[in-house]
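# Structure at a glance
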Amino acid sequence: MRLNKFVFYFSLIVSILSLGFSIFFTFFLNNNITTFVSNVLLNVFAGTIVLMATSLFDYYLQRRKLLTLIMENILKYRSIFSKIKYLESKEDFPEFEQYKEYYNGQQNKINFTKKNYETEKEQFVKKIEENMEKIMDSYIEISNIDFSETWLLWDELFFLKPFDRNRKRKWFHKEIFGYIYNLLNDIREQAYHFNIYKNEFKNFEVNYKKVRELQKKFFYYEEKEEGNYDWNYSFEEYDIKYFSVNSISKKQYIVVNEVEKHLTQMFIEVGKINYFNKKYDGK
């Protein structure tokens, strides 16, 4: 696209100049020399018209090919980021009094002791630790992805519009290329610590906080009282990655993968540009 754009505008400028000078020489400086120069300029004009048409035709071929590759890359990274699991908070485990009140309110009352409570809490934290290690593996795997080939697509991305100051190209950088690249950098930064945890020193508390902090860049979390579905976040039902209700603490929460949602929307937006169809919905 970049080469086609430069060739098109070079041909356009040369064709305008050659035709303009040819007209000037023909009607205002008409002699044997200017007639010869005028004929040469007309041949140049004819050649640049053909070059313009050829570059324009190839531009739209390359445009379709490049935007289709970008759409494929969006789907690729959406699939990668959608596989990241959400790590629950160990602080969400109900208090002992909540457990006691819940079991005392059951029809078949259970003598729920502090020892029972500590055992269940220990099992809950153990499960979170196991899940955390699997999630860390996912982040470590993602951190090894090479983004350089995707940047090459950005390097070729130029549009014909001469007066938009590359606004569309900047939009692609902000919403797609730079967006994905920054997420990968955030993951790489933490993957260094995750590798230490996996291979050298297992500091659960430190890495638990790092995973919880990192996932804020991917997930939206909202908590409500049980039975209250008046969520603050605007989403479709299929956007929800996790929905959980805890009858003991009387809390419920939703988790939405905002990165997956964003990239889905970007796939649609690029499709609208690619297919010149403002009604394109990704299907």
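The structure presented is a predicted model; accordingly, all values stated were derived computationally and were not measured. (Residues numbered from 1 in each chain as written. Predicted model: local features only at pLDDT ≥ 70, side-chain atom pairs only at ≥ 80, totals over all residues. Heavy atoms only, no water.)

## Considering unusual backbone geometry
Cut-off, in case you're wondering: Strands here are runs of E lasting at least two residues and helices are runs of H or I lasting at least four, both read from the DSSP assignment and numbered beginning at the N terminus.
At Phe276, a position not held by glycine, the phi torsion is positive, near 50 degrees. Topologically, Phe276 is positioned in the segment after α8 (258–274).

## Quick word on empty space enclosed by the protein
To keep things clear, this is the line we draw: Cavities and pockets were defined on a 1 Å grid built over protein atoms only: a cavity is a set of grid points that admits a 1.4 Å probe from which the probe cannot escape, a pocket is an open set flanked by protein on both sides within 12 Å along at least five of seven lines, and lining residues are those with an atom within 4 Å of any such point. Grid points are joined across faces, edges and corners, and a volume is the space filled by probe spheres set on the points. Note that Gly is not counted as nonpolar here; it falls among the polar residues with everything else outside the nonpolar set of Ala, Val, Leu, Ile, Met, Phe, Trp, Tyr, Cys and Pro and the charged set of Asp, Glu, Lys and Arg.
The full count for this structure, using the stated rule, is one cavity of 30 Å³ or more. Here the largest cavity is characterised by a volume of approximately 30 Å³. If you go around the largest cavity, the residues you meet are Ile70, Asn73, Ile74, Phe147, Thr150, Ile176, Phe177 and Ile180. Of all the secondary-structure elements, those providing two or more residues to the lining of the largest cavity are α2 (32–82) and α6 (167–199). Classifying every residue of the lining of the largest cavity gives six nonpolar, two polar and no charged.

## Observations concerning the side chain of His262
The test is simple: Only heavy atoms enter the contact rule, under which two residues are in contact if any of them lie within 4.5 Å.
Along the chain, His262 falls in helix α8. Among all residues touching His262, those that are not within four sequence positions of it are Glu175 and Tyr179.

## Let's talk about the sheet that holds strand β3 (residues 251–257)
For clarity, the threshold we go by: The pairing criterion is simple: DSSP has to find at least two bridges between the two strands. Fitted lines through C-alpha atoms serve as axes, helices being fitted only where they are in contact, and the angles separating the N-to-C directions of these axes extend from 0 to 180 degrees.
Overall, antiparallel pairing links the three strands, which are arranged β1-β3-β2 in an open sheet. Across the chains shown, the open sheet's two edge strands, defined by having one partner strand only, are β1 (219–225) and β2 (240–246). Within the sheet, the average angular offset between the axes of one strand and its neighbour, ignoring direction, is 15 degrees. Where β2 meets β3, six bridges bridge the pair, whose relative direction is antiparallel.

## Some details on α6
Using the following cut-off: Every helix has an expected span of 1.5 Å times one less than the residues it contains. Fitting axes to the seven residues ending at a residue and to the seven starting there, one defines the bend at that residue as the angle between these axes.
Between its first and last C-alpha, α6 extends 46 Å over 33 residues, near the 48 Å set by a 1.5 Å rise per residue. Along its length, α6 shows its largest kink, about 45 degrees, at His173.

## What about the pattern of salt bridges?
In plain terms, the rule: The term salt bridge refers to a pairing of a side-chain nitrogen on Lys or Arg with a carboxyl oxygen on Asp or Glu at a separation within 4 Å. Burial classes: relative accessible area under 20% of the type maximum marks a residue as buried, over 50% as exposed, and values in between as partly exposed (1.4 Å probe, protein chains only).
Inspection of every chain in the model, using the stated rule, returns eleven salt bridges. As a salt-bridge pair, Lys90 and Glu91 come within 3.2 Å of each other at their nearest N and O atoms. Looking at Lys90, the relative accessible area reads 18%, which means it is buried. In this structure Glu91 comes out as exposed when scored by relative accessible area, which is 53%. Its salt-bridge partner being Lys216, residue Glu213 comes within 3.2 Å of it at the nearest N-O pair. The class of Glu213 is partly exposed, set by a relative accessible area of 46%. Using a relative accessible area of 55% as the deciding quantity, one classes Lys216 as exposed. One network of salt bridges, with partners in common, ties together Lys90, Glu91 and Glu205.

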